[in-house]
Amino acid sequence: RRGAYWEWERGSLCVRLSYNRTFSGESAQGSWSTTLRPDVTVSLWPSHLSFGDAIQFGSLQHIHFDAKYRRSDEGDFLRQDLHKMHTYRDAILHSTGAYLLYPMREEENGTPTLFFEKETNRGVGAF
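Residues numbered from 1 in each chain as written. Predicted model: local features only at pLDDT ≥ 70, side-chain atom pairs only at ≥ 80, totals over all residues. Heavy atoms only, no water.

Asker: Now, about the nonpolar core: what can you tell me, with residues and values included?
Answerer: Most often, soluble globular proteins have nonpolar side chains that are buried together. Ranked by internal contacts, the top residues of the largest apolar core, which has 14 residues, are Phe77, Met85, Tyr88, Leu100 and Tyr102. Breaking this core down by element, the ones donating at least two residues are helix 2 (79–91), strand 5 (95–101) and strand 6 (124–126). Sort the elements by how many residues they give to this core and helix 2 lands first, with 4 residues. Filtering out sequence-adjacent residues up to four positions away, Leu100 remains in contact with Asp66, Lys68, Phe77, Asp81, Leu82, Met85, Gly125, Ala126 and Phe127. In this structure, Trp45, Leu49, Ala54 and Leu60 belong to the second largest nonpolar core, which totals 7 residues. (Core = buried A, V, L, I, M, F, W, Y, C linked by side-chain atoms within 4.5 Å. Buried < 20%, exposed > 50% of the residue type's maximum accessible area, 1.4 Å probe, protein only. Helix = DSSP H or I, 4+ residues; strand = E, 2+ residues; numbered from the N terminus. Contact = heavy atoms within 4.5 Å.)

Asker: Explain the sheet that holds strand 6 to me, and be specific about the residues and the numbers.
Answerer: Here we have 6 strands laid out as an open sheet, ordered 1-2-3-4-5-6, and mixed in their pairing. Every other strand in the sheet has two partners, leaving strand 1 (5–10) and strand 6 as the edge strands with one partner each. Across the sheet, the axes of successive neighbouring strands diverge by a mean angle of 15 degrees, strand direction being ignored. Sheet analysis places strand 4 (residues 61–67) next to strand 5, joined by 6 bridges and oriented parallel. Considered in strand 5, the bridge of Ile63 is made with Gly97. Of the strands in this sheet, strand 4, strand 5 and strand 6 are in contact with helix 2, which crosses strand 5 at around 155 degrees. (Pairing = 2+ DSSP bridges. Axes fitted to C-alpha atoms, helices over the stretch in contact; angles between N-to-C directions.)

Asker: I'd like a description of the pairing of strand 1, backed by residues and values.
Answerer: In this sheet, strand 2 (residues 13–19) lies alongside strand 1 in antiparallel orientation, the contact comprising 6 bridges. Paired with Glu9 across the bridge in strand 2 is Cys14. Hairpin connection, strand 1 to strand 2: the antiparallel pair is bridged by 2 residues, and Gly11 has positive phi, about 65 degrees.

Asker: Can you explain the side chain of Ser95? Please cite residues and give values.
Answerer: Position of Ser95 relative to the elements: it lies in strand 5. Only 2.9 Å separates the side chain of Ser95 from the backbone oxygen of Ile92, close enough to count as a polar contact. Discounting chain neighbours no more than four positions away, the residues touching Ser95 are His62, His64, Tyr88 and Arg89. (Polar contact = N/O pair within 3.5 Å; in protein donor to acceptor, adjacent residues only side chain to side chain.)

Asker: Can you explain unusual backbone geometry? Please cite residues and give values.
Answerer: Residues apart from glycine generally show negative phi values, whereas peptide bonds are mostly found in trans. Of note in the backbone geometry, Asn20 takes a positive phi value of approximately 50 degrees without being a glycine. Looking at the element boundaries, Asn20 is found in the loop between strand 2 and strand 3 (40–46). Taking relative accessible area as the criterion, Asn20 reaches 10% and is therefore assigned buried. Its identity is not glycine, yet His94 carries a phi of approximately 70 degrees, on the positive side.

Asker: I'd like a rundown of the packing of aromatic side chains, residues and numbers included.
Answerer: Applying the stated rule across the entire model yields 2 aromatic pairs. Each ring, one from Trp45 and one from Phe51, has its centre 5.0 Å from the other, and the planes form 75 degrees; the classification is edge-to-face. By relative accessible area, Trp45 is classed as buried at 2%. Judged by its relative accessible area of 13%, Phe51 falls in the buried class. The cationic tip of Arg16 hangs over the ring face of Phe51; the distance from NZ or CZ to the ring centre is 3.9 Å. (Phe/Tyr/Trp six-rings, centres within 6.5 Å; stacked < 30°, edge-to-face > 60°. Lys NZ or Arg CZ within 6 Å of the ring centre and 35° of its normal.)

So, to be careful, I would describe these as geometric facts and stop short of saying anything about function.
This is the structure:
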């Protein structure tokens with residue numbers, strides 16, 4: 001269900017996997033602008049801090065994933081989808097990355113390729 005999350009601790013790291021979490025422009029832990037809702041968000045912070053303390057002390061990192069079911073005719077990412085990932089990374093507080101997830105075709109074998117718009121745009125891409 002929207003807003004559901006699972007949380008666990010592994011060594012010195014806490015991980016929260018959130019499904020359709022809403023990042024509101026009206027919240028201190030939301031976005032800089034409008035309300036945004038990535039499909040999946042992985043949040044990471046040191047295990048010696050609570051989630052709230054990690055926000056307060058700037059130790060929280062979000063990585064967002066958005067599933068898309070269409071690709072360009074060449075099998076590449078669509079430009080407007082990649083722009084949305086820039087929006088997630090830049091507008092949602094504490095974000096360090098945002099990636100598109102595309103389904104692989106049956107005839108595609110091996111490891112998914114990570115596409116970058118440019119090598120200098122670390123933290124935004126498509127699998």
